[in-house]
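Residue-level structural notes
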Amino acid sequence: MKEIELKLQGQIKRLTNRTFKFDERVGEGWFSAVYFLKTREIVRKYKPDHIVTMQFFQKSHAVLCGTDEAIALVQTFADNPDELEIHSLKDGDKIEPFETVMTITGRYHDFGFLEGVIDGIFSRRTSVATNVYEVVRAARSSGEQKPVIFMGDRDDHFTQQAGDGYAAFIGGSKAQATHAMNEWWGKEGMGTMPHALIQLFNGDLVAASHAYREMFPDDQLMALVDYNNDAITDALRVAREFGDDLNAVRIDTSNSMVDQFFCRNPEKMGDFDPTGVNAPLVIALREALDNEGFQHVRISVSGGFTAERIEAYEKAGVPVDMYGVGRSLLSKNIGFTGDNVLLNGHHEAKAGRKLRKNSRLERIE
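Keep in mind it's a predicted model, so treat the numbers as computed, not measured. (Residues numbered from 1 in each chain as written. Predicted model: local features only at pLDDT ≥ 70, side-chain atom pairs only at ≥ 80, totals over all residues. Heavy atoms only, no water.)

1. Here we look at the overall build of the protein chain
- Regarding its fold elements, the protein chain presents 13 helices and 14 strands.
- With the principal axes as the frame, the protein chain shows a C-alpha extent of 80 × 45 × 35 Å.
- Across the protein chain, every contact between residues at least 6 apart in sequence was considered, and the portion connecting residues at least 24 apart equals 70%.
- Surface accessibility of the protein chain: about 17,700 Å² in total, with carbon and sulfur atoms responsible for 50%.
- Across the protein chain, the 43 positively charged side chains and the 54 negatively charged ones have centroids separated by 7 Å. (Helix = DSSP H or I, 4+ residues; strand = E, 2+ residues; numbered from the N terminus. Contact = heavy atoms within 4.5 Å. Areas by Shrake-Rupley, 256 points an atom, 1.4 Å probe, with all protein chains shown as cover. Lys, Arg positive; Asp, Glu negative; His and termini not counted. Charge placed at Lys NZ, Arg CZ, Asp CG, Glu CD.)

Here's what the structure looks like:
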């Protein structure tokens, strides 16, 4: 059983290194800035008994993620972790600018070298969680929550997928493209066909869909309909072939292309950008499917969608059932800072910084 299941059942309060599987070199200081390592050695010799309080914060309205990971990191690699006092918010908490999200109190040389690593954990996880949260919120602005599929595998290094997938889960996305994205919280990735599958069947979407159906009969069939840049024609072709067995169609038209629908119907052109996936194309696709009795076939769109674009679609009533989003979910970068703000229980910090008490913090046992 995954730790996340135990956490959701209330059997444990936090995820541990059983989930995160940290690189053992963290404990050797391999991922810490060298000046932290040098400071640790100096403090160990000259100020070994001094107690500091380190405080972590950031400067945006955000959805916090990375607390369990940061706590597990400290508990795994700090010297004498049982002697440290940690207070923290929880993954998924909404946070304000400059709000304290975690404090660690103890001997500096026991944990100080982890400061930058903790900042990085918070920054990455909170950035992804916040980006996803904003997209998910936009996808329910019409009053109905539309699924958001996290498709960030092609927009960053593959080693980030497990953590990004967990952060996306915290942000509200329960559908993700790879198995790795689901490693910390879910079971398996999801997805249907890429353009490559259609290409291997010489552009014949129906043949490619039959092959897919035969190989994966338990999957809901979703056909990718923009390969030939004629989304409505191909959508109707596959709908007529599969009828009730076709669950959905997906449009992923390149932003440099104008779908053949507009070439055949120039009167449909107007004061909008006709390239790529656009609202008039989606509306025309919905009408074409409905006119032939395929009201059950859902429409998924992907390709350059952001929270702002999704919100505009939802407010305009564009008949989208699912959004596939990738690059924009990794676009915002929220930086965290760790500061020492107390020395032996008294204020001692760089100019402009001080302990910001937060009643929402919970003591970590």
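2. Looking at the sheet that holds strand β9 (residues 246-251)
- Taken together, the 6 strands give an open sheet; going across it, the order is β7-β6-β11-β10-β9-β8, and neighbouring strands pair in parallel fashion. The sheet is open, and its two edges are formed by β7 (175-176) and β8 (221-224), each paired on a single side.
- Both β9 and strand β10 (residues 298-302) contribute to a ladder of 4 bridges, which runs parallel. Bridged to V249 within β10 is I299. (Pairing = 2+ DSSP bridges.)

3. Examining the packing of aromatic side chains
- This model, assessed by the stated rule, comprises 15 aromatic pairs.
- Residues F57 and F98 carry aromatic rings whose centres are separated by 5.8 Å and whose planes lie at 20° to one another, so their mutual orientation is stacked. Note that F57 is positioned in strand β1 (residues 51-57) and F98 in the loop between β4 (94-95) and β5 (102-107), a separation of 41 residues in sequence.
- A relative accessible area of 36% places F98 in the partly exposed class.
- Here the aromatic rings of Y166 and F169 are separated by 6.4 Å at their centres, their planes lie at 35°, and the arrangement is tilted. (Phe/Tyr/Trp six-rings, centres within 6.5 Å; stacked < 30°, edge-to-face > 60°. Buried < 20%, exposed > 50% of the residue type's maximum accessible area, 1.4 Å probe, protein only.)

4. Overview of the sheet that holds β1
- Pairing is antiparallel across the open sheet formed by 6 strands, whose spatial order is β13-β12-β1-β5-β3-β14. The strands lining the two open edges of the sheet, one partner per strand, are β13 (346-347) and β14 (362-364).
- Where strand β3 (residues 85-88) lies against β14, 3 bridges are found, and the strand directions are antiparallel. Across the sheet, H87 pairs through a bridge with R363, a residue of β14.
- Helix α6 (residues 115-138) rests against β1, β5 and β12 (337-343) of the sheet, and its axis sits at about 20° to β1. (Axes fitted to C-alpha atoms, helices over the stretch in contact; angles between N-to-C directions.)

5. Re helix α3 (residues 34-46)
- The terminal C-alpha atoms of α3 lie 19 Å apart, and with 13 residues this matches the ideal 18 Å at 1.5 Å per residue to within 8%.
- Within α3, burial applies to F36, L37, R40 and V43. When α3 is viewed along its axis, its buried side chains cluster within an angular range of 130° and face the same direction. Within α3, the exposed residues directed more than 90 degrees away from the buried face are V34, Y35, K38, I42, K45 and Y46.
- Looking at the buried residues of α3, the elements they touch are α5 (108-111) and α6. (Expected span 1.5 Å × (residues − 1). Arc of directions from axis to C-beta.)

6. Some points on the pattern of salt bridges
- All chains considered together, the criterion is met by 27 salt bridges.
- Put simply, E69 and R125 hold a salt bridge, and the shortest N to O gap is 2.8 Å. Of the two residues, E69 is situated in helix α4 (residues 67-77) and R125 in helix α6; the sequence distance between them amounts to 56 residues. Grouping residues by exposure puts E69 and R125 together as buried. (Salt bridge = Lys/Arg side-chain N within 4 Å of Asp/Glu carboxyl O.)

7. Description of helix α9 (residues 205-215)
- Taken as a whole, α9 has its buried residues at L205, V206, A208, S209 and Y212. End-on, the buried residues of α9 take up no more than an arc of 160°, which puts them together on one face. What points out from α9, more than 90 degrees from its buried face, is the exposed set E214 and M215.
- By the N-cap criterion, in which a side-chain oxygen at the helix start approaches the backbone nitrogen of a residue two or three places on, α9 is capped by D204, the distance to V206 being 3.1 Å. (Polar contact = N/O pair within 3.5 Å; in protein donor to acceptor, adjacent residues only side chain to side chain.)

8. Some points on the environment of N182
- Positionally, N182 belongs in the loop between β7 and α8 (195-200).
- Sequence-distant contacts of N182, that is, excluding residues within four places in its chain, are made with K2, Q176, K187, E188 and G189.

9. Topic: the pairing of β8
- Because side chains alternate across β8, one face comprises the buried residues L221 and A223, and the other comprises M222 and L224, equally buried.
- As defined by bridge partners, β8 adjoins β9 across 4 bridges and the pair is classed as parallel. Bridge assignment links M222 to a residue of β9, and that residue is A248.
- Tracing the backbone out of β8, into helix α10 (residues 231-242) and back to the parallel element β9 gives a crossover that is right-handed. (Right-handed = clockwise from strand over helix to strand, strands pointing away.)

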